[in-house]
Amino acid sequence: MAFITSFIESVLVYTTVYTLASLGILISGRTGIFNVAGEGIMLASASAGFLAAFLSGSWLIGFLAGALMGAFFGLILAFVHETFKVNQFILGICLVIFGSGLSDLLYKLVIGVRLSAPIAPDTLRITIPFLSKVPIISGFLNHDVIVYFMYAATFTAWWFFYRTKIGLETRAIGENPKAADVVGINVSRRRYLATIIGSSLIGIAGAYLTIAITKTYSPDISAGRGFMAVGIAIFASWKPQRAILGGFIFAFIEVMSFQLQIISDKIPYQFFLMLPFISILVIMVVFKKHIEFPASVGKPYSRE
Amino acid sequence: MAADYINCKNISKAFGVVKALDSIDFVVKKGEIHGLLGENGAGKSTLMNILYGLYRPNKGEIFLDGKKTIIKSPLDSIKNGIGMVHQISTLVPEFTAVENIMLGSEGEKLTLHTAREREKIKEISEEFGLQFPVDVKIKELSAGIKQKIEIVRALYSGATLLILDEPTTSLVESEFQQLLKSLKVFVEKGVTVVFITHKIKEVMEACTAVTVMRKGKVQARVEKEELGIEKLVKLMFMEQNIEVTESALPKVNLPEIEISKNPVLQVKNISITGNDTSPGLKDISFDIFGGEIFGVAAVSGNGEKNIAECIINPSVLHSGDILINGESIKNNSPLDVFAKGVSYTPEDRIKEGILNEGSIKENVLLGHQEEERFLKKKLFIDWNETALAARDVIKEFNVDTPDEELSMRRLSGGNIQKAIIGRAFVSPLKLLVTHNPTSGLDISTVEFIFKKLVELRNSGSSVLFVNEDLDELMIVSDRIAVLHDGKLKGIFKRSEYDKYKIGLMMIGG
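First things first, this report covers the structure right here in the doc. Predicted model, so just to flag it, every value in this text is computed and none were measured.

1. A short note on the interface of chain B and chain A
Here is step 1 of the chain: The partner chain A presents 22 residues to the 31 residues of chain B that form the contact.
Here is step 2 of the chain: Seen at the junction of chain B and chain A, the total is one salt bridge.
Here is step 3 of the chain: One salt bridge connects Glu169(A) with Lys109(B), and the closest N-O pair in it is separated by 2.7 Å.
Here is step 4 of the chain: The interface formed by chain B and chain A contains eight residue pairs in polar contact (both at pLDDT 80 or more).
Here is step 5 of the chain: Of all the secondary-structure elements, those providing two or more residues to the side of chain B that touches chain A are strand E1 (4-15), helix H2 (74-79) and helix H3 (97-102) of chain B.
Here is step 6 of the chain: Looking at which element gives the most residues to the side of chain B that touches chain A, the answer is H2(B), with three residues.
Here is step 7 of the chain: Of the residues belonging to the side of chain B that touches chain A, the class tally is 14 nonpolar, eight polar and nine charged.

This is the structure:
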């Protein structure tokens with residue numbers, strides 16, 4: 001029982017990363033902006049968030065810096081796309097490369113080379129009386145504040161998209177921007193907002209890697225998770241409630257692959273490292289018929 | 001005399017170097033059903049899109065109720081009581097009518113009162129006599145219903161001026177009559193209407209005043225008592241020497257000729273599986289003979305695209321057989337079909353008909369690329385021969401271009417269509433399959449295309465003419481087949497043509 005509980009606990013840590021990042025991607029996707037720059041944003045925010053947390057000694061400032069770095073990327077993405085109508089995918093890949101370079105550069109400029117790695121301050125932990133002691137359930141509830149933030153973000157996103165008029169309007173933009181435009185909705189402004197807010201969530205996911213999980217920075221720390229998040233957003237058909245499910249499934253596979261690496265000595269550990277990436281391919285093929293896209297995702301919109 | 005409700009003064013608009021509107025003065029009075037008449041490309045929609053705030057004019061002023069008003073976006077126009085129903089549906093296909101109508105309106109944004117809004121929408125639709133299912137996804141509704149929903153959306157946000165952009169494009173005659181009744185109700189309830197159309201007959205039936213536009217300019221405002229078909233024809237087409245019908249379509253002479261003994265095309269019990277956008281085809285059979293233009297009438301999305309496509313690409317057939325000159329083409333590739341003397345001009349000329357970046361010469365070669373005439377040593381393309389063919393097309397079909405090397409995307413819609421039809425004539429043609437070849441083109445181009453189809457027919461070949469405009473079909477077809485929901489509803493001979501009856505059949509009546 002204790003093993004299962006602690007297993008769930010580790011799964012939830014990675015669920016947080018995947019869910020926040022894929023929420024970020026699907027929020028802008030709902031307005032038609034396909035943000036494939038997730039990997040770059042996570043890397044840049046992992047570095048910026050860690051440095052801010054380390055220098056200030058405050059986890060909160062660290063996560064704010066991560067979110068801010070994400071917002072900055074979102075602003076670039078929205079600005080270049082809305083102003084110059086550059087292809088979203090090309091733009092996204094450029095931002096991945098930019099983010100990857102920026103993350104190492106920032107770290108080297110601020111920290112340089114040290115013998116012992118700098119360590120981030122502890123993130124605030126929240127335990128819920130009684131519930132956090134029940135086996136299995138405590139795996140979901142015995143965590144730092146960002147995990148709870150992930151729960152709240154998922155719920156808020158669901159509530160926003162399906163229980164508010166502004167959310168209905170946002171979904172309308174992703175389906176048919178012209179339909180939104182002719183009823184007086186400012187398509188461009190909504191796309192900016194969604195991309196910036198979405199990217200800051202991805203930024204928080206990136207900062208979570210360094211501040212909470214590894215507690216220090218190393219190059220290429222997100223290791224493809226930003227791309228996995230794109231896959232999860234697609235798997236989730238751009239629905240928040242399914243993004244958290246997808247996040248949990250892939251976190252489960254990832255944590256399991258860690259465990260299997262320890263247990264098995266016959267199969268090379270690289271095989272297990274590959275598992276999450278293979279499983280997303282398999283899941284995409286299996287669930288192909290259940291995947292829906294907002295009709296305008298990836299397409300620029302202009303009136304004339 | 002009613003007061004001026006809308007007064008556009010000196011409006012000009014250019015897209016790049018193309019002048020779309022040139023110093024337009026346009027007046028609509030309160031309580032009018034105002035016809036905005038002009039042929040395709042005259043600038044009617046551009047002017048109304050400016051009034052609705054979708055386009056910004058380069059010059060000019062707009063006065064609403066005598067007050068100068070600056071309209072920067074649809075939000076401004078909606079606030080000023082302007083509503084517009086666009087030519088192409090602007091509803092979200094995945095949403096229901098209620099969700100669509102709620103979008104954008106003022107008020108509380110952080111809640112969703114679907115039930116309350118539903119009642120309000122039902123009230124409005126009852127008041128104006130526009131009924132539709134409110135909780136069905138738009139993608140499952142017909143074009144006529146979608147239009148009602150768009151009208152109610154405009155009324156819901158308080159429109160006192162309703163602009164209808166070519167509202168009859170996808171309506172059949174009985175639906176048009178229904179729309180006429182609704183327009184009268186709107187006026188009774190204090191809504192002014194602008195009715196954009198290129199059909200003189202509709203203006204005569206519907207409108208109380210008309211503004212005629214031509215090539216980006218206003219020709220004249222005609223009051224009700226002065227309305228007359230001849231006068232409008234003259235204003236619309238000016239010096240152009242084209243005989244037109246009441247629907248402002250070119251008159252074409254269709255001489256009696258002998259049709260061939262054996263059918264050129266035999267379609268035998270074919271079925272095609274449907275999908276999201278089409279019901280497919282269900283057990284359809286017909287023959288087309290040489291010397292015949294065979295029209296297919298259908299409201300868009302009833303399987304008419306499948307009819308055109310399955311002859312070119314028979315591999316989509318689920319069952320049944322297609323024969324050309326008695327030979328089955330069931331297992332043929334498109335190139336095999338082309339080699340039998342068949343050619344095709346697709347519905348969407350830009351997306352399906354051409355390589356946008358390719359030259360006219362390269363585009364003319366498409367579909368003929370494996371013909372011996374265009375090959376050297378059976379392998380390499382003979383560009384000299386291709387250029388000759390392209391020059392022939394340009395000359396025969398009056399394609400307006402300096403030479404055959406010009407990139408296709410630099411041609412106008414009409415010239416692209418002429419080049420596509422010209423391409424079909426490059427090799428001897430027994431059957432031409434053509435889908436909406438005239439949509440969006442000006443009258444002289446429409447006349448030109450009609451004449452080419454009739455020439456082909458008179459030479460003993462056949463044409464399968466799939467078209468969404470019934471007026472056009474009735475002008476140039478020897479027979480018309482009606483398609484609804486993937487089923488063949490009937491075939492009419494020329495002597496049996498009845499616009500109302502065929503129209504009813506097209507909507508399943």
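2. Quick look at the pattern of salt bridges
Here is step 1 of the chain: Per the counting criterion, the structure on display carries 39 salt bridges over all chains.
Here is step 2 of the chain: Between Glu169(A) and Arg190(A) there is a salt bridge whose closest N-O contact spans 2.9 Å. Here Glu169(A), found in helix H7 (residues 165-175), pairs with Arg190(A), found in helix H9 (residues 187-214); they are 21 residues apart in sequence, far enough to count as distant.
Here is step 3 of the chain: Using a relative accessible area of 0% as the deciding quantity, one classes Glu169(A) as buried.
Here is step 4 of the chain: On the basis of relative accessibility, which here comes to 17%, the residue Arg190(A) falls in the buried class.
Here is step 5 of the chain: A salt bridge links Lys452(B) to Glu455(B); its shortest N-O distance comes to 3.7 Å. Within this pair, Lys452(B) and its partner Glu455(B) are both found in helix H15 (residues 443-458), separated by three residues, close to a single helical turn.
Here is step 6 of the chain: With relative accessibility at 9%, the residue Lys452(B) sits in the buried group.
Here is step 7 of the chain: Each of the salt bridges in this network shares a partner with another, and the network as a whole consists of Glu173(B), Lys199(B), Lys201(B), Glu205(B), Asp469(B), Asp471(B) and Lys499(B).

3. Examining a nonpolar patch on the surface
Here is step 1 of the chain: A surface patch of nonpolar side chains, amounting to about 690 Å² of accessible area, comprises Ile267(A), Phe271(A), Met274(A), Ile278(A), Leu281(A), Val282(A), Val286(A) and Phe287(A).
Here is step 2 of the chain: Mapped onto the elements, Ile278(A) comes out in helix H12 (residues 269-286).

4. Thoughts on the sheet that holds strand E21 (residues 479-484) of chain B
All names here are of chain B.
Here is step 1 of the chain: Read from one edge of the open sheet, six strands run E16-E19-E20-E13-E21-E22, paired in mixed fashion. In the strand order of this sheet, the two ends are held by strand E16 (342-345) and strand E22 (487-493), each with one partner. Between one strand and the next, the sheet's axes are offset by a mean angle of 15°, whatever the strand orientation.
Here is step 2 of the chain: One ladder, built from four bridges, connects E16 with strand E19 (residues 431-435); its direction is parallel. Each residue of the ladder has a partner; that of Tyr344, found in E19, is Val433.
Here is step 3 of the chain: Here helix H9 (residues 304-312) sits on the sheet and contacts E16, E19, strand E20 (462-467) and E21; the angle it forms with E19, its principal contact strand, is near 145°.

5. Regarding the sheet that holds strand E15 (residues 327-328) of chain B
All names here are of chain B.
Here is step 1 of the chain: If you walk across this open sheet you meet the four strands as E12-E11-E14-E15, and the pairing is antiparallel. The open sheet terminates on both sides in strands that have one partner only, identified here as strand E12 (281-289) and E15.
Here is step 2 of the chain: Here strand E11 (residues 263-272) runs beside strand E14 (residues 319-324); their pairing, made up of five bridges, is antiparallel. The residue bridging Ser271 from the neighbouring strand is Ser319, located in E14.
Here is step 3 of the chain: Most of the contacts of H9 go to E12, to which it runs at about 65°, and overall it touches E11, E12 and E14.

6. Concerning the pairing of strand E6 (residues 82-85) of chain B
All names here are of chain B.
Here is step 1 of the chain: With burial as the criterion, each face of E6 is covered, one bearing Ile82 and Met84 and the other bearing Gly83 and Val85.
Here is step 2 of the chain: Two elements, E6 and strand E7 (residues 161-165), share four bridges in a ladder whose sense is parallel. What sits directly across from Val85, in E7, is Leu164.

7. A few points about the packing of aromatic side chains
Residues and elements named next belong to chain A.
Here is step 1 of the chain: Per the counting criterion, the structure on display carries 25 aromatic pairs over all chains.
Here is step 2 of the chain: Note on Phe72 and Phe73: the rings are 6.1 Å apart at their centroids and 90° apart in plane angle, and the pair reads as edge-to-face.
Here is step 3 of the chain: According to the relative accessible area criterion, Phe72 is partly exposed, its value standing at 41%.
Here is step 4 of the chain: What makes Phe73 buried here is its relative accessible area of 0%.

Rules used throughout
Residues numbered from 1 in each chain as written. Chains lettered and ligands numbered in written order. Predicted model: local features only at pLDDT ≥ 70, side-chain atom pairs only at ≥ 80, totals over all residues. Heavy atoms only, no water. Contact = heavy atoms within 4.5 Å. Salt bridge = Lys/Arg side-chain N within 4 Å of Asp/Glu carboxyl O. Polar contact = N/O pair within 3.5 Å; in protein donor to acceptor, adjacent residues only side chain to side chain. Helix = DSSP H or I, 4+ residues; strand = E, 2+ residues; numbered from the N terminus. Nonpolar A, V, L, I, M, F, W, Y, C, P; charged D, E, K, R; others polar. Buried < 20%, exposed > 50% of the residue type's maximum accessible area, 1.4 Å probe, protein only. Patch = residues over 30% accessible without salt bridge, like charges linked within 9 Å, V, L, I, M, F, W, Y side chains within 5 Å. Areas by Shrake-Rupley, 256 points an atom, 1.4 Å probe, with all protein chains shown as cover. Pairing = 2+ DSSP bridges. Axes fitted to C-alpha atoms, helices over the stretch in contact; angles between N-to-C directions. Phe/Tyr/Trp six-rings, centres within 6.5 Å; stacked < 30°, edge-to-face > 60°.

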